[in-house]
Amino acid sequence: MPKDTLIRGPVYVLEDNIDTDLLIPACYLNLVPTIPEEYRKLGSYALAGLPDSFPKFASNPDGTTPFPIVIGGRNFGCGSSREHAPIALGAAGAKAVVAESYARIFFRNSVATGEIFPLESQTRLCEAFKTGDEAEIDMTSNTLTRLADGAVFPLKPIGAVAPVIAAGGMFAYAREIGMIKK
Amino acid sequence: MTITEKILARESGASLVSPGDNIWVNAGILLTHDVCGPGTIGIFQREFGNDAKVFDPEKIVILPDHYIFTADEKAHRNVDILRAFVKEQGLPYFYDPGTERYCGVCHVALPELGHVRPGETIFGTDSHTCTHGALGAFSTGIGNTDAGFIMGTGKLLVKVPPTLRFVLDGEMPAYVSAKDLILHIIGDIGVDGATYCAMEFAGTAIDALSIEERCTICNMAVEAGAKNGIIAPDAQTLAYVKARTAKSFEPLYSDPGAQVQAEYRYDVATLEPVVARPHLPDNKALARACRDVKVDQVYIGSCTGGKLEDFVMAARIMKGRKVAVRTLLVPATRVVEQGLVDTTIDGQSLRQIFEAAGVEPIAPPSCAACLGGPIDTFGRTHGHEVVVSTTNRNFIGRMGSKDSQIYLASPYTAAASALTGHITDPRDIA
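Residues numbered from 1 in each chain as written. Chains lettered and ligands numbered in written order. Predicted model: local features only at pLDDT ≥ 70, side-chain atom pairs only at ≥ 80, totals over all residues. Heavy atoms only, no water.

K.L.:
So what's going on with helix H12 (residues 334–342) of chain B? Residues and values would help.
P.N.:
All names here are of chain B. Restricting attention to buried positions, one finds in H12 the residues Val336, Gly339 and Leu340. The buried residues of H12 occupy one face: seen down the axis, they fall within an arc of 105 degrees. Away from the buried face of H12 by more than 90 degrees, exposed residues Val335 and Asp342 are located. Those residues of H12 that are buried are in contact with helix H4 (106–112), helix H11 (308–318), strand E17 (348–349) and helix H13 (350–357). (Buried < 20%, exposed > 50% of the residue type's maximum accessible area, 1.4 Å probe, protein only. Helix = DSSP H or I, 4+ residues; strand = E, 2+ residues; numbered from the N terminus. Arc of directions from axis to C-beta. Contact = heavy atoms within 4.5 Å.)

This is the structure in structure tokens:
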């Protein structure tokens, strides 16, 4: 789990209903995320299901992404329960998704794994940003700032899962509250 | 309380729970398969140690089903990981693809095997785990991390979902099936219309549905974003379950007047066969309105549309006729596969009807092309195919190729479209 409260870098802009088959196509589900080499491979295939009209997400030569922030619309992560989806984003080096709303399992998997921050915007951002725009997320003030002109977009407070995110995922949280042994 | 709230209350030791409460819930069954099982095991071992024992071997069910009939080496490696873990932990409910015990698609096999019991909780590493609410269980899909947590503790932190109640009354018209009902509902409320909610289905039309047809409805609750789908158990449910398990169970039911977030009412007598057009399950259109869509391939299979009754519906349409396009049949489980031989219409077995109609050789049970999968998966799309499919998702690339177009439909509509080569309302050729 990244502990930084500031996330800065270029954004990758998507649309509504980004499903888990776009995030990680099923042909790569033979990779097991807990095997380190396969975890890295999953990162290199993050968003490989997108139509070819989208620029490649994990475009760095080492299979990671130059985009630490992903912007989506409504219902981000709909579809499968495959944890490979948030893991692929995290393994590629993305730190946060900012979307208007999330599909339940994707949000839960993001929190439980601590791979990425699933943040919710208060307004629609898909048209306010274009891929490559530099931006900064401040998790203390719950804002996303477009660096070119300083425009500030408010994020929703993280809510009931904040303690799980703060702990760094499901297991860390369960240890913190004594559900399982340290 | 609603049935969902009552089950969660009982399994968390609380007398009362309300939507939004975050509670620790006991897992009645943890279900996993070959795609998510190895990662779940990896997390369990990393977090609890290599010598750790699972919380209860009797409550873990492993049904490999996704990548079974493939030459993909990693897919085989993954099943080997499951085998080694099952041996080490002494798990009794492993249905090994290399043996007679192999079943096929986990969501069709789980109730067949008697692992689904009313009033219990089921957590599964697959989004279509919501299927099992059809038998009055709380059943939901989770990721590997949560599954690894359950494997070690038997518990999971769950947010109690608000309930959306769908009351379906009236008599089902001929050639309209449960698949049409759920496609109508998803089309009306949208792919995020039930996000975080329980979808509870009730009414005389639900009462009249078979267990398999109820499963089709609950199976697709996740396509509207729901946490679970659920149907109150009735005499039919109890008979189905008792025929398959000797374990005792205690059904729960919604209180009369239990508070729900919203109620939707349908008169099913007014509904017609529909399809979901590419690329979302809520992109509803009447089958008749799509008759100009030329079809390259028809696919009948999966946890949604590969049950015995799905094939009975298809056979009723195909009997005595010839398919006009490539038609792929994948029975969901071995039981369904055997049912194709044992079930007859006017003295002809389903298998004979399909073979006479000229379908492709019937594939062995597995998830197959429903989710694309490895390159050599049976039925996987590789080009610009237009597919009519009884499966659950029509996302871009879902069946393999990013360029193919998937129309979700009932077995009746899929079979009718196979005969004509274009999307066809089954009533127009029946």
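K.L.:
Which residues make up the sheet that holds strand E8 (residues 163–169) of chain B, and what values do they have?
P.N.:
All names here are of chain B. Spatial ordering of the open sheet is given by E10-E9-E8-E11, a layout of 4 strands whose pairing is parallel. In the strand order of this sheet, the two ends are held by strand E10 (228–231) and strand E11 (262–267), each with one partner. Taken over all neighbouring pairs, the strand axes of this sheet differ in orientation by 20 degrees on average, direction set aside. Where strand E9 (residues 198–202) lies against E10, 4 bridges are found, and the strand directions are parallel. Within E10, the position partnered with Ala198 by the bridge is Asn228. The sheet contacts of helix H1 (residues 3–12) involve E8, E9 and E10, and relative to E10 the element is tilted by about 105 degrees. (Pairing = 2+ DSSP bridges. Axes fitted to C-alpha atoms, helices over the stretch in contact; angles between N-to-C directions.)

K.L.:
Break down the pattern of salt bridges for me, with residues and values.
P.N.:
Residues and elements named next belong to chain B. Across all of its chains, the model carries 38 salt bridges over all chains by this definition. A salt bridge links Arg288 to Asp425; the nearest nitrogen and oxygen atoms lie 3.4 Å apart. In this pair, Arg288 is assigned in the loop between strand E13 (284–286) and strand E14 (297–301) and Asp425 in the segment after helix H14 (411–420), connecting sequence segments 137 residues apart. On the basis of relative accessible area, Asp425 is assigned to the buried category, the value being 2%. (Salt bridge = Lys/Arg side-chain N within 4 Å of Asp/Glu carboxyl O.)

K.L.:
Residue-level account of the nonpolar core, with values.
P.N.:
One finds Phe57(A), Phe76(A), Leu89(A), Leu144(A), Phe123(B), Met318(B) and Phe354(B) to be the most contacted residues of the largest nonpolar core, which totals 138 residues. Two domains each provide a minimum of three residues to this core, namely domain 1 (3–266) and domain 2 (276–428) of chain B. Ranked by size, the runner-up nonpolar core spans 62 residues in total, among them Leu183(B), Val241(B), Tyr299(B) and Val330(B). (Core = buried A, V, L, I, M, F, W, Y, C linked by side-chain atoms within 4.5 Å. Domains from an automatic or database assignment.)

K.L.:
So what about the interface of chain B and chain A? Which residues, and what values?
P.N.:
On the chain A side, the residues contacting the 52 residues of chain B number 46 residues. Carbon and sulfur atoms supply 58% of the area that chain B and chain A bury against each other, a total of about 3800 Å² over both sides. The tally of links between chain B and chain A comes to 6 salt bridges. If you look at where chain B meets chain A, you find 22 residue pairs in polar contact (both at pLDDT 80 or more). Top contributing element to the side of chain B that touches chain A by residue count: helix H2 (residues 37–48) of chain B, with 7 residues. Classifying every residue of the side of chain B that touches chain A gives 22 nonpolar, 16 polar and 14 charged. (Buried area = accessible area lost by both parts, 1.4 Å probe. Polar contact = N/O pair within 3.5 Å; in protein donor to acceptor, adjacent residues only side chain to side chain. Nonpolar A, V, L, I, M, F, W, Y, C, P; charged D, E, K, R; others polar.)

K.L.:
Account for the sheet that holds strand E5 (residues 134–138) of chain A, naming residues and giving values.
P.N.:
Residues and elements named next belong to chain A. One open sheet accounts for 7 strands, arranged E4-E3-E2-E1-E5-E6-E7; its pairing is mixed. The two strands at the open ends of the sheet, each matched to only one other strand, are strand E4 (117–120) and strand E7 (151–154). The sheet shows a mean angle of 30 degrees between the axes of neighbouring strands, direction not considered. Alignment of strand E6 (residues 143–146) against E7, held across 4 bridges, turns out to be antiparallel. Looking at E7, one finds that Arg146 is bridged to Ala151.

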